[in-house]
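Breakdown of the fold
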Amino acid sequence: MADHKVQDLSRVLEHEPLSAVLSGLKCTADHNLIYQACYAFQALQYVTADETVLQALLRHSTGMVDGLVKISAVLKLDLGPVLKGSLCESGRGILESMQEGLGSGQKMPWYSAIRAAYAFVQAGQLKDLKQFIYEAPCRRDSLFQWGICQLLGEIAVDTVWAATIRQQAVDLLGHLYRNDQDWGRDESVKSWMITILDNLGSASDQAVKNHALDLLQELDLDSTPRTQPSYLSRSLLPTPYSSLILAEVQEMPYVEYELYKLRLQRLEEKQLSVYIPPQAKPSLHAKDDELFPLMEKVQGFLVSDHQMMLILGDSGAGKSTFNRHLENQLWTEYKRGGPIPLFINLASIDEPQNDMVTKQLQFHNLNNDQIRDLKLHRQLVLICDGYDESQQLVNLHRTNFLNQPGQWSTKMVITCRSQYLGPSYRDLFKPQPLDRYNAGRQDLFQEAVIAPFSNEQIRSYVVQFMHDPNIRLVFDEGAAWSSEEYIDKLRAIPNLMDLVKNPFLLTLALSTLPKLVGSQQDLSSLRVTRVVLYDKFTEQWLETNKLRLQTSALSKEEQDVFELLLDDGFVANGINFQMRLSDSICKEQDGNPVVQYTHLRDKQTWKAEFFSPDPEVRLLLESCPLTWTGSQFRFVHRSVLEYFLSCVVYSSIYQDSEFDPQGDSDSTVTQTFDTNGPLFTRNLLKEQSIIQFLCDRVQQAPGFKQQLLAVIEQSKIDALAAIAAANAITILVRAGVHFNGADLRGVKIPSADLSDGQFDSVQFHGANLRGVNFTSSWLRKVDFGGAQMEGVQFGELPYLEVDETIWTCAYSPDGKVLALGLWMARSICLTQLPGKPSARWKDMMSTSFL
């Protein structure tokens with residue numbers, strides 16, 4: 001408020017309550033927190049109640065500092081004479097100073113001195129800063145010393161400064177600790193200095209880190225953290241005063257500094273250390289021997305004239321992981337004024353087709369002027385993750401980066417699961433006739449498809465996995481194997497090596513195999529499917545968190561709730577919680593995996609059942625494989641959401657009772673189902689991941705197969721079961737169930753995907769087959785009499801087989817009759833056309849009407 005000239009602060013409603021809150025911190029044991037409160041309290045004394053704020057401190061004798069700072073930054077004035085006459089000497093202890101500083105309402109000289117020290121940093125006058133530290137009349141005041149230590153620590157960690165300057169800040173801190181008698185009067189200050197040096201010794205910047213460790217050795221101190229907590233970081237104060245003004249001194253545009261902060265933030269985000277660079281092929285139909293390194297391909301795209309690159313891959317193939325590494329690499333290589341990488345999770349943005357770039361930049365706290373500057377003068381590399389998850393399968397490149405005047409100048413990398421685009425997906429990305437800037441160009445779009453892991457990549461992943469305990473889930477004691485033991489198990493279990501060519505499934509397998517295998521010796525009889533891995537992963541995740549909660553310090557209310565959950569089955573409650581959440585996401589958000597929840601706004605909505613502060617909700621939420629950033633929640637992987645949706649489908653119709661396979665097929669179906677479940681209300685045909693989970697369930701539980709058959713049977717008499725029947729028969733066909741000789745008369749299965757199915761001699765008489773896909777299906781002697789077949793796909797056009805060369809063909813005006821003209825051998829023509837042995841060549845043509 002003091003710095004930004006907040007006006008007319010109400011003493012009763014604002015000034016006094018703020019003073020009371022800050023004064024209430026004087027009894028805390030956290031000295032750094034007390035100092036920050038003291039600093040804020042002193043600043044508040046310069047925010048005059050019910051009048052203009054502070055007048056830039058010029059109305060007060062000690063307030064002359066800030067006003068003169070602004071001048072000194074330009075004219076290089078010497079602040080020494082001014083400060084010498086305005087600051088009084090003090091030598092009190094830290095706790096005494098802090099307690100006096102909170103609540104007295106007096107303006108303390110140490111505060112003005114600290115502001116002056118920051119002013120020297122703002123102006124880039126570091127030599128003057130050093131002189132001021134040694135000559136300030138209040139230099140014996142412990143609060144002044146505490147603040148100066150913090151300021152030196154900020155300079156040391158702020159990489160805007162040159163490495164030599166940051167090292168000098170460390171040296172000055174060490175010199176004050178070792179040689180200055182005035183700085184040895186309060187042990188709390190000494191402890192704070194050691195804490196800062198300890199923290200610098202664990203910094204990511206090697207130059208400062210090594211310098212701080214060397215200094216600790218010279219001081220004969222180890223790097224074990226002291227009693228004071230470690231606070232030193234780039235966020236030690238809300239915004240380092242030094243960095244903003246230094247950016248101006250170095251003629252760095254303010255928007256560039258915001259990008260610099262964004263770069264640091266993105267580079268600091270934790271990356272998975274287990275990462276195998278993916279291989280890719282040029283298209284979905286390309287051969288597996290046409291592989292190339294995907295990162296090299298993308299780097300080539302970024303320096304080419306192409307505008308967009310589409311990266312396809314199955315669920316769990318590593319698309320999001322690749323995007324994160326691509327963003328990290330581009331930020332690492334970023335040069336001032338160069339292309340700006342911008343990672344965008346499409347599912348987290350409402351209506352991404354409406355200027356998603358602006359929305360993402362606003363999320364990163366850039367203001368409208370900065371965004372306008374970037375739009376006019378800079379190029380962006382948009383890394384768009386989860387095109388299929390956004391529920392907005394629209395032509396994003398046309399609405400966001402036409403590269404036209406007044407529009408964003410961009411290159412775009414989009415990732416999407418292969419099955420969500422359809423066979424004509426390339427048409428989405430072609431230039432349109434009205435796009436006059438790109439009209440006629442066919443090279444705006446590049447494509448790559450992430451390939452499954454090779455055996456060598458699997459081995460490399462296993463080795464990295466075993467050497468990174470942060471990645472693995474918690475194993476039972478003694479259950480983890482060596483990397484070679486893992487490879488042996490993966491090879492010994494039938495078909496498992498093919499399954500784990502998917503990176504996410506490989507991660508699940510490595511986490512769960514010890515429990516799956518147990519003491520079993522004959523691994524050739526062990527059947528591990530995709531759904532088995534997710535079953536065990538979910539169970540293990542919840543068991544691990546149950547153990548964590550049992551050893552955690554819970555409140556009395558939380559402990560009572562936890563005991564109830566244990567009595568009722570903690571794992572079962574966790575699974576039920578996630579199934580209900582997945583079902584609600586499906587119904588309320590049409591499957592969009594990101595849930596935005598803030599309690600005050602959403603406490604009356606469906607979201608409160610899963611994200612409210614209620615103790616039971618919080619215990620279950622924090623024990624499930626969910627992740628959240630700010631107010632956005634999602635499962636750790638999209639496939640986990642789809643797994644739980646498949647569990648909802650499975651549980652809604654499977655009731656542990658199996659139909660008699662020898663029963664009368666004409667008998668009335670009396671089985672009742674949950675018609676509000678996703679099987680009956682949601683078209684699952686495009687949800688290939690859910691379909692695959694349910695296919696595994698069919699092979700795992702014969703009774704589930706019978707229930708799906710009953711759903712198909714029910715559609716004969718219940719039109720409302722059409723969606724469920726289409727889903728059910730699609731699942732069964734995908735699971736390899738044959739329908740040869742089946743009586744499917746009158747079934748209603750519109751839009752079902754029956755490709756590659758077996759339907760020899762099936763009765764489809766009177767069935768609703770609108771839009772059904774029969775591509776590559778076996779359809780010998782099938783009865784389609786009376787069936788509704790608009791839009792049926794057979795994967796090939798009808799044809800007529802003839803033995804002669806076709807000379808011409810013609811259709812009747814109504815399109816119902818086709819005439820073919822065939823060339824015949826002369827002898828045959830003469831036979832067919834007697835009495836005309838010398839006919840011209842056109843008389844040797846016989847016309848057949850079909």
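Shown above is the structure to which this text applies.
The text that follows walks through the structure, step by step, so that each part is easy to find. Computed from a predicted structure; not experimentally measured.

**Some words on the overall build of the protein**
The helix and strand tally for the protein stands at 34 helices and 13 strands. Burial status across the protein gives 51% buried among its 850 residues. Contacts in the protein between residues at least 24 apart in sequence constitute 66% of all its contacts with a sequence separation of at least 6. Split by element, the accessible area of the protein, about 40800 Å² in all, is 51% carbon and sulfur.

**So, the packing of aromatic side chains**
Centre distance and the angle of the planes are the two values used to describe a pair of aromatic rings. Applying the stated rule across the entire model yields 27 aromatic pairs. Taking 4.7 Å as the distance between ring centres and 0 degrees as the angle between the ring planes, the aromatic pair formed by tryptophan 146 and tryptophan 192 counts as stacked. Linking tryptophan 146 in helix H8 (residues 142-157) with tryptophan 192 in helix H10 (residues 187-200), this pair joins segments that are 46 residues apart in sequence. An identical accessibility class is assigned to tryptophan 146 and tryptophan 192; each is buried.

**Here's the deal with the packing of helix H31 (residues 688-700) against helix H33 (residues 722-734)**
Contact geometry of H31 with H33 gives a least axis separation of 8 Å together with a crossing angle of 70 degrees. Here H31 is positioned roughly perpendicular relative to H33, judged by the angle of their axes. As H31 packs across H33, the resulting crossing turns out to be right-handed. For the pair formed by H31 and H33, the contact residues are Ile691, Leu694, Cys695 and Val698 on the first element and Thr730, Ile731, Leu732 and Arg734 on the second. Split by residue class, the contact of H31 with H33 holds six nonpolar, one polar and one charged.

**Quick look at the packing of helix H9 (residues 163-179) against helix H11 (residues 206-218)**
Relative to each other, H9 and H11 sit at 20 degrees, their axes nearing to 10 Å. Classed by the angle they form, the pair H9 and H11 counts as roughly parallel. Crossing handedness for the pair H9 and H11: right-handed. Across the interface between the two elements, Ala163, Arg166, Gln167, Val170, Asp171, Gly174 and Arg178 from H9 touch Ala207, Val208, His211, Ala212, Leu215 and Glu218 from H11. Classifying every residue of the contact of H9 with H11 by side-chain character gives six nonpolar, three polar and four charged.

**Considering the sheet that holds strand E10 (residues 632-635)**
What the three strands build is an open sheet, ordered E8-E10-E9; its pairing is antiparallel. Looking at strand neighbours, the two that pair on one side only are strand E8 (595-596) and strand E9 (626-629), the edges of this open sheet. The pairing of E8 with E10 spans two bridges and is antiparallel. Among the inter-strand pairings, valine 595 is bridged to a residue of E10, identified as phenylalanine 633. Strands in contact with helix H25 (residues 570-589) are E8, E9 and E10; relative to E10, the strand with the most contacts, it is inclined by about 115 degrees.

**Things to note about the pairing of E9**
Summarising the sheet, E9 and E10 pair through four bridges and their orientation is antiparallel. By the bridge assignment for E10, threonine 629 is matched with glutamine 632. Counting the residues in the hairpin turn of E9 and E10 gives two residues, including glycine 630, whose phi is positive at 65 degrees.

**Quick look at the nonpolar core**
Core analysis: the biggest nonpolar cluster contains 114 residues, and Leu490, Leu679, Phe739, Ile749 and Phe764 have the highest contact counts within it. Here this core takes 10 residues from helix H29 (residues 638-653), the largest share from any one element. Not counting residues within four places of it along the chain, the set of residues in contact with phenylalanine 764 comprises Leu744, Arg745, Val747, Ile749, Phe759, Leu769, Phe774, Val782, Asp783, Phe784, Gly785 and Ala787. If you look at the next biggest cluster of nonpolar residues, it comprises 45 residues, including Ile114, Tyr118, Leu143 and Ile155.

**Points about H11**
Look at H11: 18 Å from first C-alpha to last across 13 residues, which is about the 18 Å you get at 1.5 Å a residue. Turning to H11, its buried residues number three or more, namely Val208, Ala212, Leu215 and Leu216. For H11, the angular spread of buried residues about the axis comes to 100 degrees, placing them on one side. Exposed and oriented more than 90 degrees from the buried face of H11 are Gln217 and Glu218. As for H11, its buried residues are in contact with H8, H9 and H10. One or two steps after H11, the chain reaches aspartate 220, where phi turns positive at roughly 60 degrees.

**As for unusual backbone geometry**
Its identity is not glycine, yet asparagine 365 carries a phi of approximately 70 degrees, on the positive side. One non-glycine residue, serine 751, adopts positive backbone phi at about 70 degrees. Relative to the helices and strands, serine 751 is located in the loop between H33 and strand E11 (806-811).

Conventions we followed
Residues numbered from 1 in each chain as written. Predicted model: local features only at pLDDT ≥ 70, side-chain atom pairs only at ≥ 80, totals over all residues. Heavy atoms only, no water. Helix = DSSP H or I, 4+ residues; strand = E, 2+ residues; numbered from the N terminus. Buried < 20%, exposed > 50% of the residue type's maximum accessible area, 1.4 Å probe, protein only. Contact = heavy atoms within 4.5 Å. Areas by Shrake-Rupley, 256 points an atom, 1.4 Å probe, with all protein chains shown as cover. Phe/Tyr/Trp six-rings, centres within 6.5 Å; stacked < 30°, edge-to-face > 60°. Axes fitted to C-alpha atoms, helices over the stretch in contact; angles between N-to-C directions. Parallel < 35°, antiparallel > 145°, perpendicular 65-115°, else oblique. Left-handed = near helix turned anticlockwise from the far one by under 90°. Nonpolar A, V, L, I, M, F, W, Y, C, P; charged D, E, K, R; others polar. Pairing = 2+ DSSP bridges. Core = buried A, V, L, I, M, F, W, Y, C linked by side-chain atoms within 4.5 Å. Expected span 1.5 Å × (residues − 1). Arc of directions from axis to C-beta.

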